[in-house]
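Chain by chain, the residues:
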2 protein chains.
Amino acid sequence: MYNLTMLDANGDPEFMTSLARGLAVLCCFADEQRPMTIAQASRLTGLSRPATRRCLHTFVRLGYVAQAGANYTLRPKVMALGYAYLSSSTLAMRAQPLLDQLRDELHESCSLGVSEEDEVYYVARAEVSRIMSISLRVGSRLPLYCTSMGRVLLSGQSKESQRTYLRRTKLVALTPHTQIEPGNLLALFDHVANEGYAIVDQELEIGLRSIAVPVEGPDGIVAAVNIGVQAARITMAELRSRYLPPLRKIAAELRVLVANARP
Amino acid sequence: MYNLTMLDANGDPEFMTSLARGLAVLCCFADEQRPMTIAQASRLTGLSRPATRRCLHTFVRLGYVAQAGANYTLRPKVMALGYAYLSSSTLAMRAQPLLDQLRDELHESCSLGVSEEDEVYYVARAEVSRIMSISLRVGSRLPLYCTSMGRVLLSGQSKESQRTYLRRTKLVALTPHTQIEPGNLLALFDHVANEGYAIVDQELEIGLRSIAVPVEGPDGIVAAVNIGVQAARITMAELRSRYLPPLRKIAAELRVLVANARP
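Please read all numbers here as calculations on a predicted model, not as lab measurements. (Residues numbered from 1 in each chain as written. Chains lettered and ligands numbered in written order. Predicted model: local features only at pLDDT ≥ 70, side-chain atom pairs only at ≥ 80, totals over all residues. Heavy atoms only, no water.)

Draft legend 1. Region of interest: the nonpolar core. Leu-112 of chain A together with Leu-112 of chain B are the most contacted members of the largest nonpolar core, which totals 129 residues. Residue contacts for Leu-112 of chain A: discarding those within four places in its chain leaves Leu-91, Ala-95, Leu-99, Tyr-121, Tyr-122, Val-123, Ala-124, Met-149, Val-215, Ala-223, Ala-224 and Leu-254 of chain A. (Core = buried A, V, L, I, M, F, W, Y, C linked by side-chain atoms within 4.5 Å. Buried < 20%, exposed > 50% of the residue type's maximum accessible area, 1.4 Å probe, protein only. Contact = heavy atoms within 4.5 Å.)

Below is the structure:
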C-alpha cells in the first residue's frame, strides 16, 4: 500500500499528481511479481479504478506495459528507466568492474549500496554462481537496521538522525537473532563507526552472514560495500580475517573515484 | 530528441500527457549521463522549459531526482522502476542463475535479450571481469540489424515484418564490416533461421564478435542468448565449435522454463 499523501499536490501548484500516480502504478508491479488487473493495481495503489485504468492505458500506449485481456504486465522498456539512473551514476558505473574483480578473487558475491528513504539500495553487484544463491540484484532494497551495509550507512549519521530513523521505522525481528531494541541498535551503530566495519550474523535471514565497510566521500559516508556468505561455509572469524582486508582495499579505491568524480 | 507525437494525446481522452512527459524527462538523463539543467532537459525532450521544470519539481518531491542549485541528477530510487520489470519477469529472473553458470564454465560474458521497439533489450547478463571489458549491462539497448541477438530475434519474424523493420530503420555502417544493404540483410536473416544461430563479426564494433541462439516459446522466438568475445582472443571457428553447443543447451533449458512459466 502506498503513502497516498505522497500522491497529493497538497496545495503545490507545480506538483504533477498524474505523474506521481503513474509511477505508483508502475511500482506496484514489483510488489506483486505477476500480471495484474485494474482492480488489483487499484487496491495496491489506493487509487480509484478509473484513475488506475488511465495510468495503465497510457503505459500501454507508451510501450511500458503489455495488455492481454484483463491482465497487464510490464514490458522490458521499463528497465530503460532504471538504466537511466545506472548510466548517469558515476559511482555505480565505476564500482562494477571493481566488484567483478573482488568476486573473482574471493569467489563470493559482493555489492555496493546507498541509503535512500530508510533503505539500502543495491546499485552495483557482482554475483557468484551457486546452487544456493542469494537472490539480490541491482535495484534490490533492504532495511537499514538489520543489514551490514545499512548499519555502516547509519553509522555515519548523527546520533539525532539515528534516533529519528529508529523512531519512524518499524523494527521487525526477521529472525530470532535480529536486534530490534533501539538502545542496543544505537550502541551497535557506535561500535560500527569506531571499528569501521559492520558484521551481521543471521539477523536478516537464517544462514546468511555479511560484512560491510563504508565508502567515504568528501562530506561523509556515501555508500557501503559488502560481501554476503552462507553461515554454513564461513565462520565469523573468517569473515573478519579473510574478507575485511580486501573490502577495505576496494573501499579505498572507490573513495578515490568518488573524490575525482565529475560533480 | 524524443518523438514528440508520442507525448501527445492525439485526441485520446484516456491518455495522460503529463505522465508521458515525465517519463520522457526521466529517460533523457540516460542519454546525457551527467547532471542536467532545466534548459538542457527541455532541449533534449522538446518540452517547454515550464513543462520540464514541473516534471523535475515533481520528481524531486517524489525522491526520484536530486537538485543542487541549477543541476538535477537522478537518485537511486529510479532503479526501483527498472527493478519492477525484472522482478515481475519470470524469464529474466530464471535466466540469471543459468547465465551465471555459463559464464563460470566458459569464462566469457553472456546475456539474454528480447526485442522491443526495434531494439535488443538486455534483460539478464552475467559478466566476466577483464581489463578490456564490454560495457553492456541489464537495461542496455542495441540495434537489431547488426547484433547477433538482434538477427536471431528478427529471424523468427515473417518476411513482411523483416522488410517493414528494414524500411523504418536507419541502417548505419557502425564499422567497415557492418552489413547495411537490405537485400543482403534479408538473406542473412534467412540463413540465421535455417542454421538456428547468428554470428556477428565486428559489425557492431571493431574487435567484438558474438554468437547468439534463439529461446523458443509456444508461439515462436521469445528471446535470444548470446556470448560476446574479443576478436583478438577467439576465432570465428572457435566461436562456433566451443560456444555454440553450450549456448544451445542453455536455450533448451530456458525453453522448458518459458513453457512452464505462470502466464
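From this point, the discussion proceeds with the structure in view.
Draft legend 2. Representation of the sheet that holds strand S4 (residues 119-126) of chain A in the model. Residues and elements named next belong to chain A. Taken together, six strands build an open sheet; the order of strands is S5-S4-S3-S8-S7-S6 and the sheet is antiparallel. Of all the strands in the sheet, just strand S5 (141-143) and strand S6 (198-201) have a single pairing partner and so form its edges. Looking at each pair of strands side by side, their axes are set apart by 30 degrees on average, direction ignored. When S6 meets strand S7 (residues 208-217), the two strands line up antiparallel, connected through four bridges. Paired with Val-200 across the two strands is Ser-210, which belongs to S7. Those strands touched by helix H9 (residues 236-260) are strand S3 (109-116), S6, S7 and strand S8 (220-230), and its axis lies near 25 degrees from that of S7. (Pairing = 2+ DSSP bridges. Helix = DSSP H or I, 4+ residues; strand = E, 2+ residues; numbered from the N terminus. Axes fitted to C-alpha atoms, helices over the stretch in contact; angles between N-to-C directions.)

Draft legend 3. View of the side chain of Arg-125 of chain A. Residues and elements named next belong to chain A. For Arg-125, the location among the structural elements is in strand S4. Under the relative-accessibility criterion, Arg-125 is labelled buried at 11%. Among the polar contacts listed, one links the side chain of Arg-125 to the side chain of Ser-111, at a separation of 2.8 Å. (Polar contact = N/O pair within 3.5 Å; in protein donor to acceptor, adjacent residues only side chain to side chain.)

Draft legend 4. Seen up close, unusual backbone geometry. All names here are of chain A. Of note, the phi angle at His-107 is positive, near 55 degrees, even though the residue is not glycine. Look at Gln-202: it is not a glycine, yet its phi comes out positive at around 60 degrees. For Gln-202, the position within the fold is in the loop between S6 and S7. The exposure class of Gln-202 is buried, given its relative accessible area of 14%.

Draft legend 5. Here's a closer look at the domain arrangement of chain A. Considered domain by domain, chain A is made up of domain 1 (4-76) and domain 2 (89-260). Each of domain 1 of chain A and domain 2 of chain A has a C-alpha centre, and the two are 32 Å apart. (Domains from an automatic or database assignment.)

Draft legend 6. Region of the structure containing helix H4 (residues 77-88) of chain A. Taking 1.5 Å per residue as the helical rise, H4 of chain A with its 12 residues ought to reach 16 Å, and the 17 Å between its terminal C-alpha atoms agrees with that figure. Burial runs high along H4 of chain A: 12 of the 12 residues are buried. (Expected span 1.5 Å × (residues − 1).)

Draft legend 7. The arrangement of the packing of helix H1 (residues 17-32) of chain A against helix H1 (residues 17-32) of chain B in detail. Where H1 of chain A meets H1 of chain B, the axes come as close as 8 Å, and the angle between the chain directions of the two elements is 70 degrees. As the angle between them shows, H1 of chain A and H1 of chain B are arranged roughly perpendicular. From H1 of chain A, Ser-18, Leu-19, Gly-22 and Leu-23 of chain A reach across to H1 of chain B, where they touch Ser-18, Leu-19, Gly-22 and Leu-23 of chain B. Of the residues in the contact of H1 of chain A with H1 of chain B, the class split is four nonpolar, four polar and no charged. (Parallel < 35°, antiparallel > 145°, perpendicular 65-115°, else oblique. Nonpolar A, V, L, I, M, F, W, Y, C, P; charged D, E, K, R; others polar.)

Draft legend 8. Spotlight on the packing of H1 of chain A against helix H3 (residues 49-62) of chain A. All names here are of chain A. Between H1 and H3, the least distance of the axes is 9 Å, while the angle of their chain directions is 80 degrees. Put simply, H1 runs roughly perpendicular to H3. When H1 is examined against H3, the residues Arg-21, Gly-22, Val-25, Leu-26 and Phe-29 are found in contact with a partner set consisting of Ala-51, Thr-52, Cys-55, Leu-56 and Phe-59. For the contact of H1 with H3, a count of residues per class yields seven nonpolar, two polar and one charged.

Draft legend 9. Quick look at the relation of the copies chain B and chain A. With an RMSD of 0.1 Å, chain B superimposes on chain A once it is rotated by 180 degrees and translated 0.0 Å along the axis. Both copies of the chain, as the preceding transformation shows, are related through a two-fold rotation axis. (Least-squares fit on C-alpha atoms with pLDDT ≥ 70 in both.)

Draft legend 10. Here's a closer look at the sheet that holds strand S8 (residues 220-230) of chain B. All names here are of chain B. Pairing is antiparallel in the open sheet, where six strands are placed in the order S5-S4-S3-S8-S7-S6. Each edge of the open sheet carries a strand with a single partner, namely strand S5 (141-143) and strand S6 (198-201). Taken over all neighbouring pairs, the strand axes of this sheet differ in orientation by 30 degrees on average, direction set aside. Against the sheet, helix H5 (residues 90-106) engages strand S3 (109-116), strand S4 (119-126) and S8, with an angle of about 65 degrees to S4.

Draft legend 11. A look at the pairing of strand S2 (residues 71-74) of chain B. Residues and elements named next belong to chain B. Residue alternation in S2 divides its side chains into a buried set, Tyr-72 and Leu-74, and an unburied set, Asn-71 and Thr-73. Bridging between strand S1 (residues 65-68) and S2 involves four bridges; their strand directions are antiparallel. In the strand pairing of S2, Val-65 is matched with Leu-74. As consecutive antiparallel partners, S1 and S2 are separated by two residues, and within that stretch Gly-69 has a phi angle of approximately 65 degrees, a positive value.

Draft legend 12. Expanded view of the pattern of salt bridges. The tally for this structure, following the rule as stated, stands at 34 salt bridges over all chains. In this structure, Glu-160 of chain A and Arg-167 of chain A form a salt bridge, with 3.4 Å as the shortest nitrogen-oxygen distance. Looking at Arg-167 of chain A, the relative accessible area reads 60%, which means it is exposed. Arg-151 of chain B is paired through a salt bridge with Glu-203 of chain B; the nearest N and O atoms lie 2.5 Å apart. Linking Arg-151 of chain B in helix H6 (residues 148-155) with Glu-203 of chain B in the loop between S6 and strand S7 (208-217), this pair joins segments that are 52 residues apart in sequence. Note on accessibility: Arg-151 of chain B and Glu-203 of chain B belong to one class, buried. Three or more residues are tied together by salt bridges with common partners; here these are Asp-100, Arg-103 and Asp-104 of chain A. (Salt bridge = Lys/Arg side-chain N within 4 Å of Asp/Glu carboxyl O.)

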